[in-house]
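Reading the structure
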Amino acid sequence: MMSQTDSAAGCPAPVPPPGSRGIDEILAAARARLTRLDPERAHVAGRTGALLVDIRPAAQRAAHGTVPGALAVERNVLEWRLDPRCPARLPQAVGYHLPVVVLCQEGYTSSLAAAALQDLGLYRATDVIGGFAAWRIAGLPVLGPTPPTRPSTLAPPATAGQASR
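Scope of this entry: the structure provided in the associated data block. (Residues numbered from 1 in each chain as written. Predicted model: local features only at pLDDT ≥ 70, side-chain atom pairs only at ≥ 80, totals over all residues. Heavy atoms only, no water.)

**A closer look at helix α2 (residues 39-47)**
Buried within α2 we find Pro 39, Ala 42, His 43 and Ala 45. Buried residues of α2, seen end-on, are gathered within an arc of 160 degrees and therefore sit on one face of the element. Residues of α2 that are buried sit in contact with β1 (51-54), β3 (100-103) and α6 (131-137). A distance of 3.2 Å separates the backbone nitrogen of Glu 40 from a side-chain oxygen at the start of α2, and that oxygen is part of Asp 38. Just past α2, the residue Gly 49 takes up positive phi, approximately 115 degrees. (Buried < 20%, exposed > 50% of the residue type's maximum accessible area, 1.4 Å probe, protein only. Helix = DSSP H or I, 4+ residues; strand = E, 2+ residues; numbered from the N terminus. Arc of directions from axis to C-beta. Contact = heavy atoms within 4.5 Å. Polar contact = N/O pair within 3.5 Å; in protein donor to acceptor, adjacent residues only side chain to side chain.)

What follows is the structure, encoded as structure tokens:
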């Protein structure tokens, strides 16, 4: 039985099964297949016909903001929504030639997602280096963040709804 203990605490790390790869190896292999775009090039790509796809969860988009015009498709359904042969595809999934630029918060999950889209045959899929955080830092257009809406606990001002005199 493999140990679940932490090697930093002086206990041996679990021995990985033969043939398995760590996430760093998987990420490097995914990125080796992609022609990743910096935020400025991704912005230009979106303006010239590429489909920008934001795979962040709704709560993250609300907390940090969104890219205007980006299609929100959460990561857990991405392949089903963009596979041109899938009955659950979105109308934007028009063919395998579609340039898709995937955006996550920091540019890690998006690399894995873009590689998965390439596995489906979307050979022009790629992602944004540094993700939404780098997009915002570059000063590119963003909407939000939108604060969560909460019912007000304050009574309306005494003059609310009265015409000014």
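**Some thoughts on the nonpolar core**
Val 53, Ile 55, Leu 78, Leu 82, Val 100, Val 102 and Leu 117 are the most contacted members of the largest nonpolar core, which has 19 residues in total. Mapped onto this core, the elements with two or more residues apiece are β1, α4 (78-82), β3 and α5 (109-120). Counting residues per element, this core draws most heavily on α5, at four residues. (Core = buried A, V, L, I, M, F, W, Y, C linked by side-chain atoms within 4.5 Å.)

**Side note on the pairing of β3**
Residues Val 100 and Val 102 point to one face of β3 and Val 101 and Leu 103 to the other, with burial holding for every one of them. Between the parallel pair β3 and strand β4 (residues 126-127), the chain is carried across by α5, and the sense of this crossover is right-handed. (Right-handed = clockwise from strand over helix to strand, strands pointing away.)

**Some remarks on the pattern of salt bridges**
A full pass over the atoms with the stated rule returns six salt bridges. Glu 74 is the partner of Arg 61 in a salt bridge, and the nearest nitrogen-oxygen pair spans 3.9 Å. One end of the pair, Arg 61, is in helix α3 (residues 58-64); the other, Glu 74, is in the loop between β2 (71-72) and α4, and 13 residues separate them in sequence. For Glu 74, a relative accessible area of 31% corresponds to the partly exposed category. (Salt bridge = Lys/Arg side-chain N within 4 Å of Asp/Glu carboxyl O.)

**Comments concerning the packing of aromatic side chains**
This structure, assessed with the given rule, holds zero aromatic pairs. Above the plane of the ring of Phe 132 lies Arg 56, whose end atom (NZ or CZ) is 4.2 Å from the centre. (Phe/Tyr/Trp six-rings, centres within 6.5 Å; stacked < 30°, edge-to-face > 60°. Lys NZ or Arg CZ within 6 Å of the ring centre and 35° of its normal.)

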